[in-house]
Structure formats: structure tokens, C-alpha cells
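Structural features, examined
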Amino acid sequence: MSTPTPGPRRGLLGSLADFLDDRTGYRALVHEALYERVPGGARWRYVWGSTLVFAFMTQVITGLVLWSSYSAGAQTAWESVYFIQHEMAGGWLLRGIHHVMAQAMVVLLALHLLQVVIDGAYRAPREVNFWMGLVLMMLVLGMALTGYLLPWDQKGYWATRVATNLAGLVPAIGPSLQQVIVGGPDYGHHTLTRFFALHAGFLPGTLIVMLAIHIALFRKHGLCAKQPFTKPDALFWPDQVLKDAVACLAVMAVVLGVILVPALRAALDGRPIEWGHLGAELGAPADPSEPYAAARPEWYFLFLFQFLKVFEGWGASGEFIGAIVVPGLVMAVMFLMPIVGRWRLGHGFNIAFTFGLLAGAGLLTALAWREDYAARWTDTAALADVQDLLHETDGDEEKIAAALGNDPVKQAAFAARRKQWDGARHSQAFLDAVDTAHADARRAVELAGRPERIPAAGMLDLLRSDAATQGPRIFAQHCAGCHAHVDPSAPGAEAVIAKSSAANLHGFGTAAWARGLLDPALVGGPAYFGNTAHKEGDMVSFVQNDLAGNDSWKPDDVAAVVAALAAEAGFGDGLDEAVVARGRGLVADGDRCGSCHTFHDNGTAAGSAPDLTGWGARDWLVGIITDPTHERFYDGSNDRMPRFGTADEGAQPPLSAKQIALVADWLRGTWYRPAAAQ
Amino acid sequence: MGSTHHDPPADRPPGGEPRRDLLTRLAALTCGGLATLPPVLAGVWTFLDPLRRKGAAAAFHPVAELEAVPDDGLPRRFPVVSDRTDAWTGFASDPIGAVYLRREKGSETVQALSATCPHAGCFVEVDPQEKCFRCPCHNSRFAIDGGIVPPSPSPRAMDELECRIGPGGEIEVQWQNFYTGIAEKKARS
């Protein structure tokens, strides 16, 4: 890059350059591009446009390579992004740059717009170029929106559904518009192929054309120089280019910083660096049947999300106003800025409007964050009385008023605290959903690393068949109403167990669980039969009377029975085989356990107590969950446990065989674990 | 245009210090280059990822029972089935290729020929009338034992695969892909 010098050029390169120039006139073009006059000298305030072009170029480079590894399909999108992020060389960095630069681009857009408005650069003759800029802004936001869906994870899926549903609110054409964007009546393959075509084809293609015009018009009108000039005029190259390049480098440094800070922190804390988890997040695969309370748009759209809440209670018309009318009006005002700005007062209005808009968006964003994270700083213990009163009164307003002595001051105070309590509850639900989503995402990545890899049906299919993922959900929904599932040694476990009305199933089948069952101090407690109909049953009285230090049951015998039970459950690894065999003999003994319990072929009639053959093993658990009233289990003495796998004719059982197997596997802790964690 | 484009730019401010100008240029190029480097490097790094990946190692796969190949000297086609991984997807027992098996009269020895044409990789078919192999793409012709029949565009005979009778009496074939278009039979790894 040297300045053209007069006279003939020498050497091969010079001749080649002359040859090319004679045929293309490139020197004039380069000259035109580089030696633009910058009145008043190069300035930092002029860098924003260039940083945006740089950001876009970065997105094109990284985007094209991502494209070469991405597969747009409901069973392959998440999977291919997983592969890029976790298995391809440098994929995390590539995707990280693309993801963070997209956000940087939105920030740079705001700065560019702000600078143009403040400098009045939209005024004649630059109106058309200002409008082009607004269109470019919408194109960039469109790319941000469409890109969010492409990984097909829970986050992108649910957030984008909201956006496309809002498109359905457009008058007259809304429903058709929505169906065209979504590629059919429902989300699926064609939603992805369309969003991908928009994200990587239509939108950037249009953007490149518009950007070319934008830059050409900018060059035609020249730079809108800020008065007064304090320095002599300079040239675009190299003076302004240097400032632009430094700004671009700073942008890239920030982007890399955002990606690499977690790695740095891990390194400083002495933790291993998980490269695959750096950069852009990949959530659990999209699941239309799995609610996702943490669905939020990307942070720069959060103000719109929060803005919609302003119209809560207005019904569909509120959403229409919030999502379409107001943003439409704002855009209309912005399009009118060059006209309004012709007058001094109008220019002032434009600046105030832009600042007001940014401040409003900032405020709404802050509000959204505050709502989501309120539980982190709300002292919920101090609000326990609110919960208690709501419980007592079932939320009935009159009863609450009566409880507060119909005192308006107290009522107002209560209303304020109730709002706080409500906010904390919502926020906690959000935070819990984020945690679950993170756990699911981690689990999905763990499963994807199995030697069998991901089935052709996709990761979602695998996740739905995963005991570690589904077990806790099924348990929470169907079992946790009565049973606790908490490590007895964990802090706070006692309170949880005390509240439950059936046995604590944590570690069921293990020696530790069986030891507790045969412990006179525990068997009648809430962790076992204490809160059930069997509280004063034969088993409890047997353990408390016969097992408590007596001649026929020595501590060794109890230990042997415990070992035998654990071995039946399949948790016998490491146990002394001789002890297990002796324990099996004791269990089968018709004068001991065998007097009530069937055990293999000990001849005790089924029905009086649960069959201990294969106790705690998968098949046994599946059996008792399927039908606890079966003669193999509690028969007629079943307490309240529902039959989860059988039903009267014409009725559906609450759980499918697959779900029961999943919860059994989860209780037993048998699921895939990566080799390193075993 | 003529020679005017060789003139110094008219809008160049006079009296710029040449040394300072050079430094500015160098600094601008360095900063610009450094800023562009991360996406380009990350892109190249990821784009070249396929070079790190290796195909499945050659292994014996049960293909057919011995009785399924009549000892009439005529080739029969069988799929080779194996577990395979395609990027992130794992397939259990999926066809990965096809072989021709043939047996001479009264012989227990099986000949296995890859169905992939050594010329350009098309799928070779049996011509039952002329009792030979024919490739539908460029008309390569091979004898029934896989030998080359001139004139043939293929540079070599059909690729013979290692073959053995497994413990259960089934025919096992060592499946391999070979580079096409060259005279040497060279396995792809």
C-alpha cells in the first residue's frame, strides 16, 4: 500500500500493477477509497461506522465457517451445534466470536445512531442515507432474532416462539405472516430451514447491498464533520484508518475478553478449563413438552419483553399495542428525524428522543433483571407470615382483610409485602428453571459423549429416555407428594423428611437404607414407616422389639440381613459373600423374616408382607410402582400408594411402563456416567 | 484516465512528515490485522477440523452364511453391516458398503470383491448374460473373478477383500475403502 508515485514503475511487481491498472483502473478506485478528505482531522467520534463494518465482516467470516458445519433440522440442529461447540477444533472460539460479536454489533449500532443524531448527520442532503441506516439496523436486529433460534435449544426455541406469536398480532395478515415465517402451522424442520435462510441468506444479502449503498452515499456526501475544527484537514488513510483500526481492535479485545474471562477465572481458581463451555451457551435441546420458565430473549431485546408487561391485563389489544403499535410509532418518529431536525428545536427533540429511548430501554432492561433476580436479595424468611396468611385464607381477599382486622394501614402494608413475596416466588421459579436448564444442558452434552453417540432420532429422544434427567421430574410430579428423596446427612434433610408422609427413598436398595430400616430408632420415624399406616404395623414392632438387642438377633445377624438385602438389590459389590449367604439364610428362615416375607423358594405364602426376592432390584421396584396392591407387595395392606402402572378397565394408568422404568432406574442411580466421573 | 492517476492526490495536505506518516500506516495496518486475526484463525482452525478425523479401522464383519453363496462361480451381492458413527450420530448395524461373494464348484473358499469400482468409485454391477462385472459409469469391465478386461478405463482389477469363515460358520469380510483411479491398490485410512 504505497501512494501512487509519478513516473514509470520498475520491476516485475510494478509492471504487473501497471498492467492491472490499465485494464481495471484499480488505482483510481483505491485512491478514491483511501484518500477521502477528513475535514478538521481524524477523530475518535468517526469510528463507529467502521467498527460496524468490521463487526459485520467478522460475522460473515465466522458465519460462513459455522454454516459449513451446521445442519438445519429438528433432529440435527442442536446436535450439529453441539458438535461444533464441543468436538470440532476451535469450534467454541468460532461460535463464541460469532455470538458475542452479534451482541457487540447491537451496542455499536446504538453508538453509531447516537453519534449521527447528536451531530445532526441526518440533515440534508443525508436524509436518504439516514433512512438506509435505520433499515440496516432493522436487518441487523432481524439477524440477531433469527440466529437465536438456530441452535434449537430450549432458550432459543421458547424465546423465538414468543416473537413469532407476536408477529401473528399484525392486523389482517398476522396469522398468515406467522405461518409463512414459521414454515407451517407448527415449529419444526421448516422453521429452522426458513430461519436459517433468513439468517444466512436473505437478511445478510440485503444487508450487503444496503451497506454498499450506505457507504457509497456516505462517500458522496462526505463526512459530516463536527465543528469547530481544531486541527488541519487530514486524509482517511492513514490517519482516520488508524483510529478506526484501534477501535476495531478494542472491539475484538472486548469480544475475546467476554469469551475468555471464565477460562481465566477457572485458571486462577485452579479449576480445569472447560473449553466446550466457553463462548456461546448451548442449552438443552428444544422440547415443546417441557416448560421453560427461564425463556428470555437475548438481553438487547429484554426491554421489549419487559415493555409488554406494562400492558399486562389489557388482553390481546395490550400485546398489539406493546409489540406492534408502540415500536412502530418509535420507528416512525426515527424515520421522521431528518425532517423534524431541519429546525433547531426539532434537532433538540431528536436528541432528547434518542436519549429518552435509550434511557427507557435501559430502565426496562434493569426492571426485567430486577424481577428475574429478586429472589437473590429478597429475605423470604421475613415474608413467611405472608405465605402463612395466604395459606390460611386460601388467598380470599375478605378473609385476609378480616385477619388484618380490616385495618386499611395494615392491609396496604400487607399488599406491599405480598407483592414482594410474589415477586420473590416468580423470581425463584425463574432461577430454578435456569438451574434445571443448565443441568439438562450439561447432561445432554454428557450423553452426547457416550461411545454410542447420539441416536438418529436426536438428542431430545435420548434425553427423554434418560433416567438421570426424567427420574427427578417424574418423582417430583407423582411421588414427592408423599415420599421424600433427600440424603439424610444433608443440611435441612430432617425437616424435609419430617414433612413427608411416606418413606425417604434416597438410596433405596442400598445397605445404608436397609440398615436404617432395621434400626429400632429409625424404622418408626418419618424416614421409614413413621408417617404411614404401617407405623404400628408388624414390621415396626418386630424391629423395635425383636431386633433391639436380643439373643436370637445378634448385631452380626442384622448386618448379614442388611448385606443380603443390598445384594438382592444388586448393590452387593464389595460385600463379603459368606456374610451375604448367611444373611440370605436368615431372611429365608421361617422363624425370622421368612415368617412373613416370601424369599425365593422359602415357601411363605405371598400376600402377608412384600416378597423380598430381588428386593430393591430394578424389576422389584418397577413391580411395586406398577401395582403395590399386588400380592407380591402390600396386597390388601397397601397404605395410600396408587397403582401407577395398572388401572381399572377403561382408565389410563398414571404412568407408562417407560416412565416407571425411568423412575426406578433413577432411584437406583443406574444411568450413564462419563468414564472420568465414574 | 490517461496518466493522471499517477499524479499525487490533489487533496493530500501539504507538509506531512514522511516519518510520522509511515509510522501511522504501519500502526493502522498492524491494528487492523490484529483485529481481523481472531475470526480468521478461528475460522480456519474449525474449517480444517475434518483433517483430524479418521475413518473406522479395517475390521472383519459377518456378511452371509456360507450356504448363501452357491458354489456355481457366480458372484452374489451382500451388504456389509456395521456400527458406524457419522459426526455426532451413532448408527447401530447400518450398511456401510457392499461386496460380491463367489465360490467355485465344490470349493469352501470364498472370494470377496468390493462393489466399488477402482476407476472412479461407482457401484459395479454383474452382467449375468456375459458373466462379467460392468461399471455403469464408464463401462469398465471386469472378469467374473474381478480381473481387468481390456480395454477398460479402470487402472486395476476389482479390489479383493480379505475373507474368512468365522467361528459360527458365517463368512466374514474385512471391509476397506481404497483410493480410486490409481494402479496401486492402496487402502484409505
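Here the structure is a predicted model, which is why all the values come from computation and not from measurement.

Some details on the environment of Leu-612 of chain A
Residues and elements named next belong to chain A. With respect to the helices, strands and loops of the structure, Leu-612 is situated in the loop between helix H23 (577-588) and helix H24 (618-626). For Leu-612, a relative accessible area of 10% translates into the label buried. The contacts of Leu-612, once residues within four sequence positions are left out, are Leu-565, Glu-568, Val-587, His-597, Thr-598 and Phe-599.

Here's the deal with the domain arrangement of chain B
Often, the extent of an interface is quoted as the loss of accessible area on bringing the components together. The domain architecture assigned to chain B consists of domain 1 (15-49) and domain 2 (59-175). Centre-to-centre, using C-alpha coordinates, domain 1 of chain B lies 56 Å away from domain 2 of chain B.

Re the domain arrangement of chain A
Domain assignment breaks chain A into domain 1 (1-34), domain 2 (42-283), domain 3 (297-377), domain 4 (379-442) and domain 5 (465-673). Between domain 4 of chain A and domain 5 of chain A, the C-alpha centre-to-centre distance is 38 Å.

Side note on unusual backbone geometry
The step from Gln-227 of chain A to Pro-228 of chain A runs through a cis peptide bond, and the omega angle for that step is -5°. Relative to the elements of secondary structure, Pro-228 of chain A occurs in the loop between helix H9 (189-221) and strand S2 (234-235). Cis geometry marks the peptide bond from Pro-150 of chain B to Pro-151 of chain B; its omega dihedral reads -5°. Tracing the backbone through its elements, the reader meets Pro-151 of chain B in the loop between strand S7 (141-142) and strand S8 (160-161). Of note, Asn-406 of chain A is a non-glycine position whose phi angle comes to about 50°, a positive value. Relative to the assigned elements, Asn-406 of chain A resides in the loop between helix H15 (397-403) and helix H16 (408-448).

Section: the confidence of the model for chain B
Residue and element names in this part refer to chain B. Looking at chain B, the pLDDT average stands at 88 and 90% of residues meet or exceed 70. The lowest-confidence element of chain B is strand S9 (residues 163-165), averaging 92 in pLDDT; the highest-confidence one is S8, averaging 96. Note that pLDDT drops below 50 for residues 1-11; the model gives that stretch 13 contacts with residues more than four away or on any other chain.

Parameters and conventions
- Residues numbered from 1 in each chain as written.
- Chains lettered and ligands numbered in written order.
- Predicted model: local features only at pLDDT ≥ 70, side-chain atom pairs only at ≥ 80, totals over all residues.
- Heavy atoms only, no water.
- Helix = DSSP H or I, 4+ residues; strand = E, 2+ residues; numbered from the N terminus.
- Buried < 20%, exposed > 50% of the residue type's maximum accessible area, 1.4 Å probe, protein only.
- Contact = heavy atoms within 4.5 Å.
- Domains from an automatic or database assignment.
- pLDDT = per-residue confidence, 0-100.

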